[in-house]
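Okay, here's what each chain looks like letter by letter:
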Amino acid sequence: MENNDLILELDNIHSGYGEIEVLKDISLWAHRGQIVSILGANGAGKSTLLKTIFGIVQPTSGQVMYEGQDIGRVSTFEKLKRGIAYVPEGRSNFPAMTVQENLEMGAYSRSDKKQIQEDINNLCERFPILKLKRYTAAGNLSGGQQQMVEIAMGLMLKPRLMLIDEPTLGMAPILVTEVLNIIKEINASGTTILIVEQNAKRALEISDYAYVMELGKMRMQGSAEELGRNQEVIEAYLGER
Ligand SMILES: Nc1ncnc2c1ncn2[C@@H]1O[C@H](COP(=O)(O)OP(=O)(O)OP(=O)(O)O)[C@@H](O)[C@H]1O
Ligand SMILES: [Mg+2]
């Protein structure tokens, strides 16, 4: 039963785009129930890492293990069905569709139509902004609100593992707090979270464990508490001296 609580494991991953190798020998672990954050400067390879886990980018070598199984050759559709959700960075993928329709899209691998509507109702109760904008085209929401819709779409699959890329990018501090609180809540209800966050200080506040990437390599790792006290991390990412 050893490592029973390990939900995600990356072993010596190399990955990139065609000739360009971005990830160089990346290993990473997430235990069930954790919030794990990935920190690092622009271009460090954080988004590439999430894309590689989800299979949008194929590793050239190394292994991605999820719930004890190699998912390297598993389709993204199958990954969704197995409980992995991926929330990419940026705005709504379906700006011309209403929030309601976006949430339905989030459930496209499900066939339980009645339960889907019930889940949408529940999400609207949980996130007031969704209720308020339910029949508005997603493209007419603010950037922060659109990111909320993207997270809610991911939740339609009741994921056991959620990969979230920069959910607070460009948000006002008050909205950052709101989104990170939602992520904490999602985690508290049982979903393991792997989050890329440019706001290192805020990320460490909600994380159990964190990795710091630099130029495609894993530079540092440790408990959030440990990294928060690390002088190098403080100087490079926490904006304090
Ligand atoms: N589709 C692509 N084709 C070629 N190179 C790419 C592609 N996407 C990213 N890269 C390169 O891969 C490297 C890592 O990019 P990535 O987006 O993973 O970084 P990041 O850590 O997420 O950065 P940011 O904080 O700016 O989002 C960069 O040098 C980037 O130019
Ligand atoms: Mg990125």
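See the structure above.
What you see is a predicted model; the values in this text were computed from it and never measured. All residue numbers refer to positions counted from 1 along the written sequence of the respective chain. Chains and ligands are labelled sequentially in the order written, the chains with letters from A and the ligands with numbers from 1. In view of the model being predicted, local features appear only for residues whose pLDDT reaches at least 70, and side-chain atom pairs are presented and counted only at 80 or more, with totals across whole chains, interfaces and linings using the full set of residues. For the side-chain quantities, the full set of heavy atoms in the structure was used; hydrogens and water were omitted.

Some remarks on the overall build of the chain
If you tally the helices and strands in the chain, you get ten helices and ten strands. The globule rule used here is 2.2 Å times the number of residues to the 0.38 power, and the radius of gyration it is set against is calculated over C-alpha atoms. Here the C-alpha atoms of the chain give a radius of gyration of 18 Å, agreeing with the 18 Å that 2.2 N^0.38 yields for 241 residues. A simple rule labels every residue: compare its accessible area, found with a 1.4 Å probe on the protein chains alone, to the largest value its type can have, and call it buried under 20%, exposed over 50%, or partly exposed in between. Going through the 241 residues of the chain one by one, you find that 51% of them count as buried. If you sum the accessible surface of the chain, you get close to 11600 Å²; carbon and sulfur atoms cover 49% of it. We count Lys and Arg on the positive side and Asp and Glu on the negative side, and we leave His and both chain ends out. In plain terms, the charge of a residue is placed at NZ if it is Lys, CZ if Arg, CG if Asp and CD if Glu. Seen as two clouds, the 25 positive and the 31 negative side-chain charges of the chain have centres 5 Å apart. Only DSSP runs of H or I covering at least 4 residues are called helices, and only runs of E covering at least 2 are called strands; the numbering of each starts at the N terminus. Per-residue and other accessible areas follow the Shrake-Rupley method at a 1.4 Å probe size, with only the shown protein chains counted as cover for residues.

Details of the packing of helix H3 (residues 99–106) against helix H6 (residues 143–155)
Axes, fitted as lines to C-alpha atoms, cover a helix only where it is in contact. Angles between the N-to-C directions of the axes lie from 0 to 180 degrees. Relative to each other, H3 and H6 sit at 35°, their axes nearing to 7 Å. Helix-helix and strand crossings are classified by hand; for H3 and H6 the assignment is right-handed. Here Val99, Asn102, Leu103, Met105 and Gly106 of H3 come into contact with H6, specifically with Val149, Glu150, Ala152 and Met153. Along the lines of polarity and charge, the residues of the contact of H3 with H6 split into six nonpolar, two polar and one charged. Should the near helix be turned anticlockwise from the far one by less than a right angle, the crossing is left-handed, and should it be turned clockwise, the crossing is right-handed. Contacts are assigned to residue pairs that have any heavy atoms within 4.5 Å of one another. In this classification, the charged set is Asp, Glu, Lys and Arg, the nonpolar set is Ala, Val, Leu, Ile, Met, Phe, Trp, Tyr, Cys and Pro, and all remaining amino acids, among them Gly, are polar.

A look at the sheet that holds strand E1 (residues 6–17)
Either a parallel or an antiparallel arrangement is found when strands of a sheet pair, and the pairing is made through backbone hydrogen bonds. Ordered in space as E2-E1-E4-E5, the four strands form an open sheet in which the pairing is antiparallel. Each having just a single partner strand, strand E2 (20–31) and strand E5 (69–70) make up the two edges of the open sheet. Note on pairing: DSSP must find at least two bridges between two strands before they are called paired. Judged from the two bridges that link them, strand E4 (residues 59–66) and E5 form a sheet pairing that is antiparallel. Paired with Tyr66 across the bridge in E5 is Gln69. Helix-sheet contacts for helix H1 (residues 46–54) involve E1, E2 and E4, and the interaxial angle to E1 is about 115°.

Re the site of ligand 1
We call a residue near a molecule or strand when any one of its heavy atoms sits within 4 Å of it. The environment of ligand 1 is made up of 13 residues, and the closest members are Gly43, Gly45, Lys46, Ser47 and Thr48. Any pair of nitrogen or oxygen atoms within 3.5 Å is treated as a polar contact; in protein, a donor-acceptor pairing is required on top of that, and neighbouring residues in sequence qualify only through side-chain atoms on both sides. Within the backbone of Gly43, an N or O atom sits 2.8 Å from an oxygen atom of ligand 1. At 3.5 Å, a side-chain N or O of Glu166 approaches an oxygen atom of ligand 1. For the shell around ligand 1, the elements supplying multiple residues, two or more each, are E2 and H1. Ranked by residues supplied to the shell around ligand 1, first place goes to H1 with three residues. When the residues that make up the shell around ligand 1 are grouped by side-chain class, the tally is five nonpolar, five polar and three charged.

Focus on the nonpolar core
The biggest cluster of nonpolar side chains holds 33 residues, and the ones touching the most others in it are Leu103, Leu123, Leu130, Met162, Ile183 and Ile193. Taken together, the elements giving at least two residues each to this core come down to strand E6 (84–87), H3, helix H4 (113–126), helix H5 (128–132), H6, strand E7 (161–165), helix H7 (173–188) and strand E8 (192–196). Think of a nonpolar core as a cluster: buried Ala, Val, Leu, Ile, Met, Phe, Trp, Tyr and Cys residues, connected wherever their side-chain atoms sit within 4.5 Å. Ile38, Ala44, Leu50 and Leu194 belong to the second-largest nonpolar core, a separate cluster that totals 31 residues.

Examining unusual backbone geometry
Even without being a glycine, Asn12 presents a positive backbone phi close to 50°. On the basis of relative accessibility, which here comes to 40%, the residue Asn12 falls in the partly exposed class. The phi dihedral of Lys158 is positive, around 45°, even though this residue is not glycine. As for its placement among the helices and strands, Lys158 is situated in the loop between H6 and E7.

Section: the sheet that holds E7
Strand order in the open sheet formed by six strands is E6-E7-E8-E3-E9-E10, with mixed pairing between adjacent strands. Of all strands in the sheet, those with a lone pairing partner are E6 and strand E10 (217–223), marking the two edges. Pairwise comparison of adjacent strand axes, ignoring direction, gives a mean angle of 15° for this sheet. Judged from the six bridges that link them, strand E9 (residues 209–214) and E10 form a sheet pairing that is antiparallel. Residue pairing for E10: Met213 is matched across the bridge by Met218.

Let's talk about the environment of Arg160
Among the structural elements, Arg160 can be located in the loop between H6 and E7. By relative accessible area, which is 35% here, Arg160 ends up partly exposed. If we ignore the near neighbours within four places in the chain, the residues touching Arg160 are Ile7, Arg32, Tyr66, Glu67, Arg82, Gly83, Gly190, Thr191 and Thr192. Among the polar contacts made by the side chain of Arg160, one reaches the main-chain carbonyl oxygen of Arg82 at a distance of 2.7 Å.

Things to note about H4
An α-helix turns once every 3.6 residues. As a result, residues three or four positions apart point the same way. Take the residue count of a helix, subtract one, and multiply by 1.5 Å to get its expected span. Between its first and last C-alpha atoms H4 spans 20 Å; for 14 residues at 1.5 Å apiece the expected length is 20 Å, and the two agree. Within the span of H4, buried status applies to Ile116, Asp119, Ile120, Leu123 and Cys124. Around the axis of H4, the buried residues are gathered within 140° of arc, so they sit on the same side. The outward face of H4, more than 90 degrees from its buried face, is lined by the exposed residues Lys114 and Glu125. Where H4 is buried, its residues meet H3, H5 and H6. Each C-beta atom gives one direction from the helix axis, and the arc is the one those directions make.

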